[in-house]
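Structure assessment
Here's the letter readout for the chains.
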Amino acid sequence: ISVCFTFLIAMSILNINNFPPNPTLLTIFITSTVLAIGVTRFELTPSIEARYQTLFELTPTSIILLNEHLEIIEMNQQAKTFFHQEGTELLTFLHTRFNKKQGVKMMQQLKKDKQLRRYHLEFEHPLTLQNITLLFDATLVSLHQSENYYIMWQDVSHEVEQRKMV
């Protein structure tokens, strides 16, 4: 649109006897054309999906996306590293019976409230089986007549231990 508009202005001002009447108009037209071609043909602007994926992977918080059947749609590398497993179902992803019980407790609360903020839960670390405290933020998102769960967490065990010592 801007290329057409610039071209029309340039054409209306141009005069056969006086070419170009204003070198600035010609420069604007050429620049607009180059940018329009560059953006559309060579995708010079990054897509929203690529930006989201970059943020999703680089965030220090573990993130997992679940569908209404609690199957994993997507998870970032921090979530994979935290539980030391890749799977498709949440309950098999949680490893221990205690973690599964805690996961069910959290999901029931999430279904009830539709959103959780700063929700503390005790879990067992998958490798050491030591108790850890996780801080959750979660949201129930309805998309295309299905419920999806966006869950973020971070390990706050160290902070909890420091408070207990004080």
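As shown above, the structure is provided for reference.
First, a word on what this report is: a plain description of the structure on this page. If you're wondering where the values come from, they're calculated on a predicted model, not measured in any experiment.

Rules of the game
- Residues numbered from 1 in each chain as written.
- Predicted model: local features only at pLDDT ≥ 70, side-chain atom pairs only at ≥ 80, totals over all residues.
- Heavy atoms only, no water.
- Core = buried A, V, L, I, M, F, W, Y, C linked by side-chain atoms within 4.5 Å.
- Buried < 20%, exposed > 50% of the residue type's maximum accessible area, 1.4 Å probe, protein only.
- Helix = DSSP H or I, 4+ residues; strand = E, 2+ residues; numbered from the N terminus.
- Contact = heavy atoms within 4.5 Å.
- Salt bridge = Lys/Arg side-chain N within 4 Å of Asp/Glu carboxyl O.
- Pairing = 2+ DSSP bridges.
- Axes fitted to C-alpha atoms, helices over the stretch in contact; angles between N-to-C directions.
- Phe/Tyr/Trp six-rings, centres within 6.5 Å; stacked < 30°, edge-to-face > 60°.
- Polar contact = N/O pair within 3.5 Å; in protein donor to acceptor, adjacent residues only side chain to side chain.

Points about the nonpolar core
Formed by 23 residues in total, the largest nonpolar core has its most connected members in Met106, Phe136, Ile151 and Trp153. In terms of residue count, the dominant contributor to this core is strand E4 (residues 131-143) (five residues). Those residues in contact with Ile151 that sit more than four places away from it in its chain are Ser62, Ile63, Ile64, Leu66, Met106, Met107, Phe136, Asp137 and Ala138.

Some thoughts on the pattern of salt bridges
The full count for this structure, using the stated rule, is one salt bridge. Its salt-bridge partner being Arg117, residue Asp137 comes within 4.0 Å of it at the nearest N-O pair. Placement of the pair is Asp137 in strand E4 and Arg117 in strand E3 (residues 115-124), with a sequence separation of 20 residues. Residue classification places Asp137 among the partly exposed positions, given a relative accessible area of 22%.

Some details on the sheet that holds E4
Strands sit in the order E2-E1-E5-E4-E3 across an open sheet of five strands; the sheet is antiparallel. Of all strands in the sheet, those bounded by a partner on one side alone are strand E2 (72-75) and E3. Averaged over all pairs of adjacent strands, the angle between their axes in this sheet comes to 25 degrees, without regard to strand direction. Inspection of the sheet shows E4 paired to strand E5 (residues 146-155) by ten bridges, in the antiparallel sense. By the bridge assignment, Val141 is partnered in E5 with Asn148. Lying over the sheet, helix H6 (residues 97-113) contacts strand E1 (62-66), E3, E4 and E5, oriented at roughly 170 degrees with respect to E3.

Quick look at the pairing of E5
Across a regular strand the side chains alternate sides, sitting on one face of the sheet and then on the other. Pairing analysis gives five bridges linking E1 to E5, with the strands arranged antiparallel. Each bridged residue has a counterpart across the sheet, and for Ile64 the counterpart in E5 is Ile151.

Observations regarding the packing of aromatic side chains
A complete count under the given rule lists two aromatic pairs for this structure. Ring centres 5.7 Å apart and planes at 50 degrees place the aromatic pair Phe123 and Phe136 in the tilted group. Of the two residues, Phe123 is situated in strand E3 and Phe136 in strand E4; the sequence distance between them amounts to 13 residues. For the pair shown, Phe123 and Phe136 are each scored as buried. Ring geometry for Phe136 and Trp153: centres 6.1 Å apart, planes at 40 degrees, overall tilted. Linking Phe136 in strand E4 with Trp153 in strand E5, this pair joins segments that are 17 residues apart in sequence. For the pair Phe136 and Trp153, a shared accessibility class is recorded, and that class is buried. Ring-pair connections join several aromatic residues into one group, and the members of that group are Phe123, Phe136 and Trp153.

With respect to the side chain of Gln102
Position of Gln102 relative to the elements: it lies in helix H6. We classify Gln102 as buried; its relative accessible area is 9%. Looking at Gln102, its side chain comes within polar contact range of the main-chain oxygen of Glu122, at 2.9 Å. Apart from the residues lying within four places of it in its own chain, the contact partners of Gln102 are Leu121, Glu122 and Phe123.

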